[in-house]
Amino acid sequence: MAFIVATSTGFPPNYYSQEVLANLVRKYCLSMALDFDLNTIDHFFTDIKIKGRYFALPLESFYDPPTIEESSKAAIKAAVNLSEITVRKLLEQTNLDPKEVSQMTSVSITTTLPSLDARLMNRIPFSPNLKRMPLGGLGCVGGAIGLSRVTDYLQGHPQEAAILFAVELASFYWQGSLQGDLHYMIGHLSKEPHLYSEIITTILTAASFGDGAAAVLMVGRDHCLAHSGQPEVIGTRSNFIPNTEDVLGMDIVDTGIRNIWKLSVVGEFTKIGLRQAIDGLLTEYGISIDQISYWMVHPGAIQPLEQEFGLNEPALKLSRKTLVEVGNLSSPTVLCVLDTIFSEEQPVPGAYGLVIGIGPGFSQEVVLLQW
């Protein structure tokens, strides 16, 4: 269907340990005299098994955050810069002239008109006839969906090359939204005890997500760069659980942006959705779970996969490694795991891999690869 020729990742220069980030949130609560159990903050930041995360927008202004307009402009600039670095690295690996790329798909929740891919075209000399497909509103499932949609395109254009890139900036959340949410919700907790679950979601969001970008060069089966030994996308499966839009997502509120993350049910919905998607895809191609050698999994699916499919620690080690080192990157995460396989592993010919994403909707996307 389509071959993956090369992968790349990109990260901003600022890296903060979980201890530094947790202390910042603790000190903010103390400075604002917010009546909340600070041990809860430490619990979420340390128990999540993340060492640290990259932030494009620095934390020096945490106690005096910029306006939404200022931080939005900074986020767009940072997203384009990070995308440029990552895509240029991808092109350099194969010495491919940008004008030889026929299609480009971008994935991000960063809201901007024109889209990030259009802005990138003003920095990298792609053909003015490049066919673009910006994908928004996907969140964590975006990287896997991007792989599927580019595969669909290349199946109909087997002689062409396409680039997929995903970029997310969790540090934008630390530019006022996090502070505003904590200040309002903790301040009203005594009168509105139902806010406790939303406070936990806010802290867990702050403890989990980091900044990063990933890019993939894909070609159709008749392109000159397609050859044996590369992972080929041989099948994809989308799955959607209706009437679950309140399980996972994002709201725009007075304080900025706020994550929707219903911890009490998201795990069970994930198991249900993954069972439907994975079983359906593998049955279609006559493949069993024990034939899958490589698992490129979004962090939110790791524990449900262990519980539902009985996967052991080695099967998910690369996905866990990404989470430990850089946190949850949202849409680029599964592509970063794929990049790790490209750089550190040597899959034997015929080996199978699954790229698994989950995201708002509530939706799941599974991509079957074979080397």
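Here the structure is shown first, and the text comes after it.
Keep in mind that this is a model prediction, so the values were computed, not measured.

Novice: Lay out the pairing of strand β5 (residues 131-135) with the relevant residues and their values.
Specialist: Across five bridges, the pairing between strand β4 (residues 103-107) and β5 is parallel. Opposite M104, over in β5, you have R132 as the bridge partner. Crossover connection from β4 via helix α4 (residues 116-121) to parallel β5: handedness right-handed.

Novice: An account of the layout of surface pockets is needed here, citing residue identities and associated values.
Specialist: Estimates place the volume of the second largest pocket at around 240 Å³. Taken together, 13 residues form the lining of the second largest pocket, with E198, T201, N259, I260 and W261 sitting closest to its centre. Every element with two or more residues in the lining of the second largest pocket is listed here: α7 (195-208), β10 (256-261) and α8 (263-285). A total of five residues in the lining of the second largest pocket trace back to one element, the largest contributor, which is α7. Taken together, the residues of the lining of the second largest pocket sort by class into four nonpolar, five polar and four charged.

Novice: How would you sum up the nonpolar core? Please name residues and give values.
Specialist: F45, W174, W295, L305, L354 and I356 are the most contacted members of the largest nonpolar core, which totals 96 residues. The element contributing the most residues to this core is helix α3 (residues 68-94), with nine residues. Membership of the second largest hydrophobic core comes to 35 residues, among which are L138, A162, L338 and L369.

Novice: Give a detailed account of helix α10 (residues 317-326), specifying residues and quantitative values.
Specialist: All buried positions along α10 are accounted for by L318, S319, T322, L323 and V326. Buried residues of α10 fall within an arc of 145 degrees about the axis and therefore sit on the same side. Once α10 ends, the next one or two residues include G327, with phi positive near 80 degrees.

Conventions used here
- Residues numbered from 1 in each chain as written.
- Predicted model: local features only at pLDDT ≥ 70, side-chain atom pairs only at ≥ 80, totals over all residues.
- Heavy atoms only, no water.
- Pairing = 2+ DSSP bridges.
- Helix = DSSP H or I, 4+ residues; strand = E, 2+ residues; numbered from the N terminus.
- Right-handed = clockwise from strand over helix to strand, strands pointing away.
- 1 Å grid on protein atoms, 1.4 Å probe; cavity = no way out; pocket = protein on both sides within 12 Å on 5 of 7 lines; lining within 4 Å.
- Points joined across faces, edges and corners; volume = space filled by probe spheres on them.
- Nonpolar A, V, L, I, M, F, W, Y, C, P; charged D, E, K, R; others polar.
- Core = buried A, V, L, I, M, F, W, Y, C linked by side-chain atoms within 4.5 Å.
- Buried < 20%, exposed > 50% of the residue type's maximum accessible area, 1.4 Å probe, protein only.
- Arc of directions from axis to C-beta.

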